[in-house]
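For reference, the chains in residue letters:
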Amino acid sequence: MKLLQYLLALICPIILLSSCKKSDNEIAVDTKSSFTIEFEHQVNGAELALNTTTYKNAKGEDFKINVFKYYVSNIKLSKADGTTYLVPDGYYLIDESKPTSKLITINDVPTGDYTKIEYTIGVDYARNFAGAQTGALDPINGMFWTWNSGYIFVKLEGTSPQSTATNNTLTFHIGGVVDPNNTIRTFSAEINSANPLRVRSDGKPDMHFIVNAASLFTGTTDVSFATLNFTMGGANSVIVANNYTKGLFRLDHIHN
Amino acid sequence: MWKKSIVFAVLFLSIALMYACSKNEDGVEPEEKKITFSVPSNFPAPVYNFEENKLSNAGFALGKKLFYEARLSADKSVSCGSCHQQFAAFANLDHKVSHGVNNCQGKRNAPPLFNLAWQKAFFWDGGVKNIETSPLNAITDACEMGTNIETIIAFLKSTAPYPEMFKQAFGSTEINSQVILKSLTQFTAVLVSGNSKYDKVMRKENGISFTTDEQAGYTLFKAKCTSCHAEPFFTDLSYRNNGLDLVSADEGRSHITGVQTDFGKFRVPSLRNIEYTSPYMHDGRFYSLDEVLDHYSSGVKASENLDPSLKNGIQLNNSERTQIKAFLKTLTDNEFIKNTIYGES
């Protein structure tokens, strides 16, 4: 008999608890939806074409681009009332040679009108040292330094007749998270409140960004390929990061 | 009556559970002994704790097999174990610098591998900050294994018994860089050396004590060496220049930090198992402990970033030298070096 009493004592709270849960569910009205971001790659207004087209940097020097890829992470959306939503575990590798990578879908976003977007150009400090990763952060993607562990945030490779490197190559591997050569940069864009990012259960908006690869070489310091044609972290990478912070991304329009 | 039926029910349930468990262990033979990561009582809490990489016998067995797998290298001649030999406390006996694929000579001495779970940075210059990503360096270095992760994944996918071993260890035959690196870590992070005579004396185990020479050597050591070779790891894991050359041929730590004051600095190596980890220094220039002690007594060069504590060297008379060496040999951990669990099988 005693056992029955114990059982009853145990079961009653469980019943109570589960009944509580139910009413919670009824109150919850959070709805979630998704939106997409499209990254359109350009060089000073012209469409980016790998390997073939010759472009000019701010110094008037010719160059071609063979590789152009970069990380976008920690996307944060803000509403006009100041509330924010941080996309969890969001690391995206955008690669010109992989067209599908230039359109990313962000799922499970609380519905609402967002008037600001911010994200990290690169990978946050913690993930650089977090051990073996998968997906966009898998070292197989060629964006991880093995000898000085950490991610390459922006990689641009190409050629320029002005480059003094062997075969006139350009090698811009921008990364590093330790001062004084920290290259983690944040991009943010205000969204016109007349046409905010309207995330609705029946509406999945698309944000369209123009990405200017030539921004690596101008903005704060005009880069001449005669003197700077190779960087893999360090002080020269900081120069390039300070440049692209200003001009790599521009929010062009939103399709609601 | 109630009690009896409960006892029966519990008994029945346990039997059912045991049966269910034993079923899962069919297939590839696991190691007989449960692999554990144990923290010696005289060690602090580790940096790496297996929270995101659950240690299992299957994961350890796979990591060990990969560690000793020479077919991973470009010319199928070099495994991790080639330059990290257990009898040398996983350093490379008689090799000044590591000897990689195509007979290429690397530029630095292969460090011993133990107590890695307490390290925040790896390699002589501390360039790698997580034990899990450390193998990538050796895998891709043209003078070590000379390959890449794509090639290794393709090899493992098409070579028995690897797909089955990955399934045993991680629940899926899917092979990617993450599970390769995590399994290697299940082997390397378990390499704990904490059963030397020194450790047993410190833990007051079984009445073990130092001899007179060892005790005198320990006292000397604490007076002259522990500012860099701090207990219990016998390194403070800092980067220092110990005056090997007026101008170092290897830039060392500054290659990572880009800071000129780090030029020619290297991580202070552990002295554990030093009896077996010769040759010594980042470039393996010294073959004996006497050569090392000679350097500190009279060979220290006034290099630009010389550690202030070595300005006047470290002088030892002959009997002190004997005592220090006697103490250093108490850091040998034969249980570690001879533990068959870590050997190629």
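Note: the structure precedes this text.
My aim in this report is to walk through the structure given alongside it, one point at a time. In this text the structure is predicted, and so the values were computed from the model without any measurement. (Residues numbered from 1 in each chain as written. Chains lettered and ligands numbered in written order. Predicted model: local features only at pLDDT ≥ 70, side-chain atom pairs only at ≥ 80, totals over all residues. Heavy atoms only, no water.)

## Comments concerning the state of the cysteines
In a disulfide, the sulfur atoms of two cysteines are held together by a covalent bond. Residue and element names in this part refer to chain B. Tallied over the entire structure, the rule returns 1 disulfide over all chains. Left without a disulfide partner, Cys225 is nearest to the cysteine sulfur of Cys228, which lies 8.7 Å away. Classification of Cys225 as buried rests on a relative accessible area of 16%. (Disulfide = S-S within 2.5 Å. Buried < 20%, exposed > 50% of the residue type's maximum accessible area, 1.4 Å probe, protein only.)

## Structural notes on the pattern of salt bridges
Residue and element names in this part refer to chain B. Counting across every chain of the model gives 25 salt bridges over all chains. With a shortest N-O distance of 2.5 Å, Arg203 and Glu205 are connected by a salt bridge. Residues Asp307 and Arg240 are paired through a salt bridge, measuring 3.2 Å at the closest nitrogen-oxygen approach. Of this pair, Asp307 sits in the loop between helix H11 (289–299) and helix H12 (318–329) while Arg240 sits in strand S1 (residues 239–240), placing them 67 residues apart in sequence. Note on Asp307: relative accessible area 10%, which makes it buried. In this structure Arg240 comes out as partly exposed when scored by relative accessible area, which is 21%. Residues participating in the shared-partner salt-bridge network are Lys107, Arg108, Asp125 and Asp250. (Salt bridge = Lys/Arg side-chain N within 4 Å of Asp/Glu carboxyl O. Helix = DSSP H or I, 4+ residues; strand = E, 2+ residues; numbered from the N terminus.)

## Overview of unusual backbone geometry
Along the chain, Asp179 of chain A connects to Pro180 of chain A via a cis peptide bond; the corresponding omega equals 5°. Among the secondary structure elements, Pro180 of chain A is positioned in the loop between strand S11 (169–175) and strand S12 (185–190). Cis geometry marks the peptide bond from Glu231 of chain B to Pro232 of chain B; its omega dihedral reads 0°. Non-glycine residue Lys76 of chain B carries a positive phi angle of around 60°. Along the chain, Lys76 of chain B turns up in the loop between helix H2 (57–67) and helix H3 (80–83). Given the relative accessible area of 52%, Lys76 of chain B is considered exposed. Positive phi, normally seen in glycine, also occurs at Ala89 of chain B, with a value near 55°. Here Ala89 of chain B lies in the loop between H3 and helix H4 (134–140).

## Quick word on empty space enclosed by the protein
Residue and element names in this part refer to chain B. All told, the structure shown has 2 cavities of 30 Å³ or more when counted by the stated rule. In this structure, the largest cavity occupies an estimated 60 Å³ of space. Lining the largest cavity are Asn241, Asn242, Gly243, Leu244, Asp245, Ser248, Gly264, Phe266 and His282. A breakdown of the residues in the lining of the largest cavity according to their chemical character gives 2 nonpolar, 6 polar and 1 charged. Approximately 50 Å³ is the volume found for the second largest cavity. Surrounding the second largest cavity, Leu66, Leu72, Cys80, Ile139, Met145, Ile149, Ile152, Ile180 and Leu184 form its lining. (1 Å grid on protein atoms, 1.4 Å probe; cavity = no way out; pocket = protein on both sides within 12 Å on 5 of 7 lines; lining within 4 Å. Points joined across faces, edges and corners; volume = space filled by probe spheres on them. Nonpolar A, V, L, I, M, F, W, Y, C, P; charged D, E, K, R; others polar.)

## So, the environment of Val199 of chain A
Residues and elements named next belong to chain A. If you trace the backbone, Val199 turns up in strand S13 (residues 197–199). C-alpha separation for the pair Val199 and Glu47, spaced 152 residues apart in sequence, amounts to 29 Å. Beyond its immediate chain neighbours, meaning those up to four positions away, Val199 contacts Ser33, Ser34, Phe35, Val109, Pro110, Thr111, Gly112, Tyr114 and Pro205. (Contact = heavy atoms within 4.5 Å.)

## Points about the interface of chain A and chain B
The figure often quoted for interface size is the accessible area lost as the parts come together. The interface of chain A with chain B comprises 17 residues on the first partner and 22 residues on the second. Both sides together, the interface formed by chain A and chain B hides about 1,700 Å², and carbon and sulfur atoms give 60% of it. Of all residues in chain A, Ala132, Thr146 and Trp147 of chain A bury the most surface against chain B, accounting for 32% of the area lost on that side. Remark: the boundary between chain A and chain B carries 0 salt bridges. In this assembly, chain A and chain B are joined by 9 residue pairs in polar contact (both at pLDDT 80 or more). Broken down by class, the residue content of the side of chain A that touches chain B amounts to 9 nonpolar, 7 polar and 1 charged. (Buried area = accessible area lost by both parts, 1.4 Å probe. Polar contact = N/O pair within 3.5 Å; in protein donor to acceptor, adjacent residues only side chain to side chain.)

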